[in-house]
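Here is how the chains run, residue by residue.
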Amino acid sequence: MGLGPVAQENSPWKLTPYVVVCWLLAACGGLMFGYDIGISGGVTGMDDFLIKFFPNIYKRKLRAHENNYCKFDDQRLQLFTSSLYLSALVSSFLASKVCSSKGRKPTILVASVFFLIGSAISALAQHLWTVIIGRVLMGVGVGFGNEAVPLFLSEIAPVQHRGAVNILFQLFVAIGILVANLVNFGTLNIHPIGWRVSLGGALVPAILLLVGSIVITETPTSLIERDRTEEARNVLRKIRGVDEIDKELEQIVEGCQQAKLVKRPFKELMKKQSVPPLVIGVLMQVFQQMTGINAVMFYAPILFQTVGFKSDGSLLSAVIIGLVNVFSTLVSVYGVDKFGRRALLLQACVQMFISQMAIGIILILQLSDTNSLPKGSAVLVVILTCTFVMSFAWSWGPLGWLIPSETFPVETRTAGYAFAVSSNMLFTFILAQGFLSMLCHLRSYVFIFFSAWIVLMGTFVVFLLPETKGVPIDMVAERVWKKHPAWKKFMDDDESQA
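For the structure given in this document, a descriptive report is provided here. All values derive from a computational prediction rather than experimental measurement. (Residues numbered from 1 in each chain as written. Predicted model: local features only at pLDDT ≥ 70, side-chain atom pairs only at ≥ 80, totals over all residues. Heavy atoms only, no water.)

Regarding the side chain of S222
Note the threshold: Strands are runs of DSSP state E lasting at least 2 residues, helices are runs of H or I lasting at least 4, and numbering of each runs from the N terminus. Think of it in three bands: residues with accessible area under 20% of the maximum for their type are buried, residues over 50% are exposed, and the middle band is partly exposed, with areas taken using a 1.4 Å probe on protein chains only. Whether two residues are in contact is decided by their heavy atoms, any of which lying within 4.5 Å being enough.
Inspection of the secondary structure assignment puts S222 in helix α10 (residues 220–225). Given a relative accessible area of 0%, S222 falls into the buried group. Residues contacting S222, with those up to four places away along its chain left out, are C99, G103, R104 and E155.

Things to note about the packing of helix α6 (residues 128–156) against helix α20 (residues 413–442)
For clarity, the threshold we go by: Helix axes use the C-alpha atoms of the stretch in contact, all axes being lines fitted to C-alpha atoms, and the angles between their N-to-C directions lie in the range 0 to 180 degrees. For classification purposes, an angle smaller than 35 degrees is called roughly parallel, one larger than 145 roughly antiparallel, one from 65 to 115 roughly perpendicular, and anything else oblique. Working rule for handedness: look at the near helix, and if it is turned counterclockwise from the far one by less than a right angle, call the crossing left-handed; if clockwise, right-handed. Polarity classes work like this: nonpolar for Ala, Val, Leu, Ile, Met, Phe, Trp, Tyr, Cys and Pro, charged for Asp, Glu, Lys and Arg, and polar for all others, with Gly in that last group.
It is at 10 Å that the axes of α6 and α20 come closest, and there the two elements cross at 130°. Between α6 and α20, the angle falls in the class oblique. Between α6 and α20 lies a crossing whose hand is right-handed. The residues of α20 that touch α6, namely those facing V142, N146, E147, P150, L151 and E155, are R413, T414, Y417, A418, V421 and M425. Considered class by class, the residues forming the contact of α6 with α20 number seven nonpolar, two polar and three charged.

Description of unusual backbone geometry
A cis amide bond links H191 with the next residue in sequence, P192, at an omega value of -5°. Note that P192 resides in the loop between α7 (162–187) and α8 (194–200). Residue D227 is not a glycine yet carries a positive backbone phi of 60°. Positive phi, normally seen in glycine, also occurs at R443, with a value near 55°.

Some thoughts on the pattern of salt bridges
Threshold: Only one rule defines a salt bridge in this text: a Lys or Arg side-chain nitrogen within 4 Å of an Asp or Glu carboxyl oxygen.
Throughout the structure, instances matching the rule amount to 15 salt bridges. Salt-bridge contacts for E225 lead to R104; the nearest nitrogen and oxygen are separated by 3.3 Å. Taken together, the residues E225 in helix α10 and R104 in helix α5 (residues 104–124) connect sequence positions 121 residues apart. Pair check on accessibility: E225 and R104 agree, each one buried. With a shortest N-O distance of 3.4 Å, R226 and E218 are connected by a salt bridge.

Let's talk about the environment of I224
Its place among the elements puts I224 in helix α10. Owing to a relative accessible area of 4%, I224 belongs among the buried residues under this scheme. Separated by 32 residues in the primary sequence, I224 and C256 have C-alpha atoms spaced 6.7 Å apart. Those residues in contact with I224 that lie beyond four places of it in its chain are T229, A232, L249, I252, V253, C256 and K260.

Observations concerning a nonpolar patch on the surface
We count it as follows: Note that patches include only residues with greater than 30% relative accessible area and no salt bridge, and the join distances are 9 Å for like charges and 5 Å for nonpolar side chains (Val, Leu, Ile, Met, Phe, Trp, Tyr). Reported accessibility uses the Shrake-Rupley method at a 1.4 Å probe radius. Residues are deemed covered only where the shown protein chains occlude them.
On the surface, V21, L109, V113, I117, I207, V211, I214 and V215 cluster together into a nonpolar patch covering about 610 Å² of accessible area. Sorting the residues of the nonpolar patch by element identifies α5 and α9 (203–215) as the ones contributing at least two each. Ranked by the residues each element gives to the nonpolar patch, the list is headed by α9, at four residues. Here I214 is to be found in helix α9. The class of I214 is exposed, set by a relative accessible area of 59%.

Quick notes on the nonpolar core
The line we're drawing: Residues belong to a common nonpolar core when they are buried Ala, Val, Leu, Ile, Met, Phe, Trp, Tyr or Cys residues joined through side-chain atoms within 4.5 Å.
Of all hydrophobic cores here, the largest spans 103 residues; its most connected members are F33, F49, F54, F152, L153 and M425. Sorting elements by how many residues they give to this core places helix α1 (residues 17–44) first, with 14 residues. Contacts of F152, omitting those with residues within four sequence positions, involve C22, A26, R104, I108, I216, T217 and T219. Counting 36 residues, the second largest nonpolar core, distinct from the first, contains C349, L402, F460 and V480.

With respect to helix α21 (residues 445–464)
Using the following cut-off: Helix span, expected: 1.5 Å multiplied by one less than the number of residues in the helix.
The end-to-end C-alpha separation of α21 is 29 Å, in line with the 28 Å expected for 20 residues at 1.5 Å each. Of the positions making up α21, those classed as buried are V446, F447, F450, S451, I454, M457, G458, F460 and V461.

Digging into the packing of aromatic side chains
Short version of the rule: Two aromatic rings, drawn from Phe, Tyr or Trp (for Trp, its six-membered ring), form a pair once their centres lie within 6.5 Å of each other, and the interplanar angle then sorts them: stacked below 30 degrees, edge-to-face above 60, tilted otherwise. Put simply, a charge is over a ring when the Lys NZ or the Arg CZ is close to the ring centre, within 6 Å, and near the line of the ring normal, within 35 degrees.
Summed over all chains, the structure comprises 19 aromatic pairs. A ring pair is formed by F53 and W195, whose centres lie 5.3 Å apart and whose planes are at 80°; its orientation type is edge-to-face. Linking F53 in helix α2 (residues 47–53) with W195 in helix α8, this pair joins segments that are 142 residues apart in sequence. For the residue pair F53 and W195, the accessibility class agrees, reading buried in each case. The rings of F49, F53, F54, F80 and W195 are connected pair by pair, giving a single aromatic cluster. Here the guanidinium or amino end of K238 rests over the ring plane of Y18, the centre of that ring lying 4.1 Å away.

Rendered as structure tokens:
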């Protein structure tokens, strides 16, 4: 069974304007990621975009009796969305190296620059291949940003509020999705350049992150890793707002000294004692995607067109879901350090399972290949989608990023987190590339498919996921892994010192 709550150790601190600015500006990496998730589905449903790059899909869409489930099934259309995540997958490993050798702050700077250039190329593109190149460059930005930002937030946060601070990343992802849906709704009738405005809007979060990467400080852990201990002491004093930082600094120094004994962190990840955090980190990211959330978020406008809404109605429904996503993520900011990680994850599994199964059953019974859902049933599908997104937003969404960022020891933290991020990007790519084809072939049963994954996820939490609430980030091995019934056999001190 999962290990229950662990005694919480608080570090002295007080809230300062500077540290809040650091949190918010770094979290703009989430805004950048979320904007892209939200913008893709709206753009791929815009007639002007389809006419320019996918005329065959546009013609298919106009046919009155075209198959509801298959009218958007096109590998090139899905590549528009998925190419970014394939690029992010590859670049996350390079980002890990930069994160370790140069620091979190420069890695965030690189992320903003690549996303900025990619956004401009996509918005100005005249050919499909140019759009794809822009998406690939944006993917490099996402890979670097998603590697560095959650680590930055976890390392700069006081231990008693680490969960809430880290969840700012997911909150900004949710805000980015909402903003993208609002932009898509506003540009739908701007012909013929509405899609260019939507894609160009990605420049805004990229610029915010660029400014942020200049203003924020480096994390104390990253400075100590690079033998800048006095600078780390000053930074820790500045971000904690108090002078009593010696005990926390000592813990970070001790962790970094252990890390220096490890010359090849990726090789270290293959050792026995690295199995628990690696398995947990990778599975949290894989399961986050296998809830089906990004399939819903990428293609929400298309999904609602499938059940019978017109273009403007489907985008409005996506906006409603975006609002639900933002406000539900705030629940997690409040609850993660109060109720713990496991409680939020298990509650959400129940709610997500009921929502997905209900959507699947409604569509199986009432949506054939060529008809539309009755209005009442279509509205019910939107409501059920909201309850699904709601539970995801206070659980697997933010905690999928938080838990991997706080469970790796410092010596394998950036390398291990690179594996977690790349796993997320791999499964995001697979679902982005395959969801419309899955919808075509599985039809309504695609929701039953995701429901089965949710059952597996709940079982994983019950038996394998420990509680990390209130545990100092550099004490997780001692206080969590070595005491967990399923994982303690991997924590062999002799091997870890070999």
